[in-house]
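As a plain string of letters, each chain reads:
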Amino acid sequence: MKKHRQKLLIYFIVLISAFSTINAQNNNDTITVQETKQDSTTSTPKVRLNYKSLIIPAAFITYGVTGLMVKDLRQLNISTRTEINEHQPTRIKLDDYTQYAPGLIVYGLNLAGVKGKHNVRDRTIIYASSQLIAAAFTLPLKYMVKEERPDRSNTMSFPSGHAATAFSNAQFMFREYKDTNLLLSLSGYPFAIFTGIYRMLNDKHWLGDVIAGTGFGILSTELAYWLYPRIDNVLRGKNKNKKAFSSTMIMPFYQNNAIGIGFVKNF
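Residues numbered from 1 in each chain as written. Predicted model: local features only at pLDDT ≥ 70, side-chain atom pairs only at ≥ 80, totals over all residues. Heavy atoms only, no water.

Draft legend 1. Structural detail: the overall build of the protein chain. Regarding its fold elements, the protein chain presents 11 helices and 2 strands. For the protein chain, the α and β elements follow one another from N to C terminus as α-α-α-α-α-α-α-α-α-α-α-β-β. Residue burial in the protein chain is summarised as follows: out of 267 residues, 49% are buried. When contacts within the protein chain are restricted to residue pairs at least 6 apart in sequence, long-range pairs at least 24 apart make up 72% of them. (Helix = DSSP H or I, 4+ residues; strand = E, 2+ residues; numbered from the N terminus. Buried < 20%, exposed > 50% of the residue type's maximum accessible area, 1.4 Å probe, protein only. Contact = heavy atoms within 4.5 Å.)

Here you go:
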């Protein structure tokens, strides 16, 4: 277990270094926060990563990681599970479906004529990116940490992939509608909360797993919105204004029991 925790710390350090690189990149960019002004040489809006939006997911992730190593927080995981089991909850599989509900609702609303921030094409790029980023965070960690599930079915408990997916979907719905209908934009979070709670009620995850998954989910969507102009620029084959969209990215990876860093630089 000690070896796995060391790997986790390495992964966490790499993650912090990635954010540091993004921060340095953003400090040199001429990118606006509001996502409203467009450059004259491209049809995609310029977006700066809003660091205030990363405070909550960073706190959740930090709690989840700390909970793997701090005795009192690990004990809280156990006592929470004990409290849940004392009430003998009915275990249902709805959490397998509710994790996707907010994203599906966004597309359903679009079909019904309730437009969001982006059109179908752009929204799909953002949504797909958020799901890929969430998977890139959670899947390697499951194999690195090897935290046993409460029901002892396997050792892929940390972090909760369902919670990450659910909250990435809920954050996606929030970002699409927050500027036009705040109450509607918040309506995806009950589905995400339900998913996270039922991962514990179904004895599949500890409390810390769900909290960390929540953080990774929100973070994934925030990164997807920030990356979208760059991805769209590539997909449209635009080579103009390269200086404004030049970027450096450092991403951690885990493959064949090895940890590494992927470095990508666009010139």
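Draft legend 2. Focus on the confidence of the model for the protein chain. Taken as a whole, the protein chain shows an average pLDDT of 81; of its residues, 71% reach a score of 70 or greater. For the stretch residues 20-44, pLDDT sits under 50, and the model shows 53 contacts to residues farther than four places along the chain or on other chains. (pLDDT = per-residue confidence, 0-100.)

Draft legend 3. Quick peek at empty space enclosed by the protein. Evaluation of the coordinates by the stated rule reveals 3 cavities of 30 Å³ or more. Quantified by volume, the largest cavity comes out at close to 50 Å³. Element by element, the count of residues in the lining of the largest cavity is highest for helix α3 (residues 71-86), at 4 residues. Partitioned by chemical class, the residues of the lining of the largest cavity number 5 nonpolar, 3 polar and 2 charged. (1 Å grid on protein atoms, 1.4 Å probe; cavity = no way out; pocket = protein on both sides within 12 Å on 5 of 7 lines; lining within 4 Å. Points joined across faces, edges and corners; volume = space filled by probe spheres on them. Nonpolar A, V, L, I, M, F, W, Y, C, P; charged D, E, K, R; others polar.)

Draft legend 4. Quick look at the packing of aromatic side chains. According to the stated counting rule, one finds 5 aromatic pairs in the structure shown. Consider the rings of phenylalanine 174 and tyrosine 189, whose centres lie 6.2 Å apart with planes at 50°: the pair is tilted. Here phenylalanine 174 is found in helix α7 (residues 161-177), whereas its partner tyrosine 189 is found in helix α9 (residues 189-201), with 15 residues between them in sequence. Given a relative accessible area of 18%, tyrosine 189 falls into the buried group. By way of ring pairs, the aromatic residues Tyr107, Tyr127 and Phe172 are connected into one cluster. The ring of tyrosine 107 carries arginine 123 above its face, with NZ or CZ at 5.4 Å from the centroid. (Phe/Tyr/Trp six-rings, centres within 6.5 Å; stacked < 30°, edge-to-face > 60°. Lys NZ or Arg CZ within 6 Å of the ring centre and 35° of its normal.)

Draft legend 5. Geometry of the pattern of salt bridges. On inspection of all chains with the given rule, the structure shows 11 salt bridges. For arginine 175, the salt bridge identified is with glutamate 222, shortest N-O distance 2.9 Å. Here arginine 175, found in helix α7, pairs with glutamate 222, found in helix α10 (residues 207-235); they are 47 residues apart in sequence, far enough to count as distant. We classify arginine 175 as buried; its relative accessible area is 8%. (Salt bridge = Lys/Arg side-chain N within 4 Å of Asp/Glu carboxyl O.)

Draft legend 6. Molecular detail of unusual backbone geometry. Following phenylalanine 158, the chain continues to proline 159 via a peptide bond in cis, the omega torsion being -10°. Note on placement: proline 159 falls in the loop between α6 (120-145) and α7. With a phi close to 55°, lysine 146 is a non-glycine residue in the positive phi region. Turning to its location among the elements, lysine 146 is positioned in the loop between α6 and α7. Positive phi is not limited to glycine here, since aspartate 203 has a value of about 65°. The topology assignment puts aspartate 203 in the loop between α9 and α10.

Draft legend 7. Broad picture of the packing of helix α2 (residues 55-67) against α10. Viewed as axis vectors pointing N to C, α2 and α10 meet at an angle of 150°, and their least axial separation amounts to 7 Å. The angle between α2 and α10 falls in the class roughly antiparallel. The element α2 and its partner α10 pack so that their crossing is left-handed. In contact with Pro57, Phe60, Ile61, Tyr63 and Gly64 of α2, α10 contributes Leu207, Gly208, Ile211, Ala212, Thr214, Gly215, Phe216, Ile218 and Leu219. Residue classes in the contact of α2 with α10 are distributed as 10 nonpolar, 4 polar and no charged. (Axes fitted to C-alpha atoms, helices over the stretch in contact; angles between N-to-C directions. Parallel < 35°, antiparallel > 145°, perpendicular 65-115°, else oblique. Left-handed = near helix turned anticlockwise from the far one by under 90°.)

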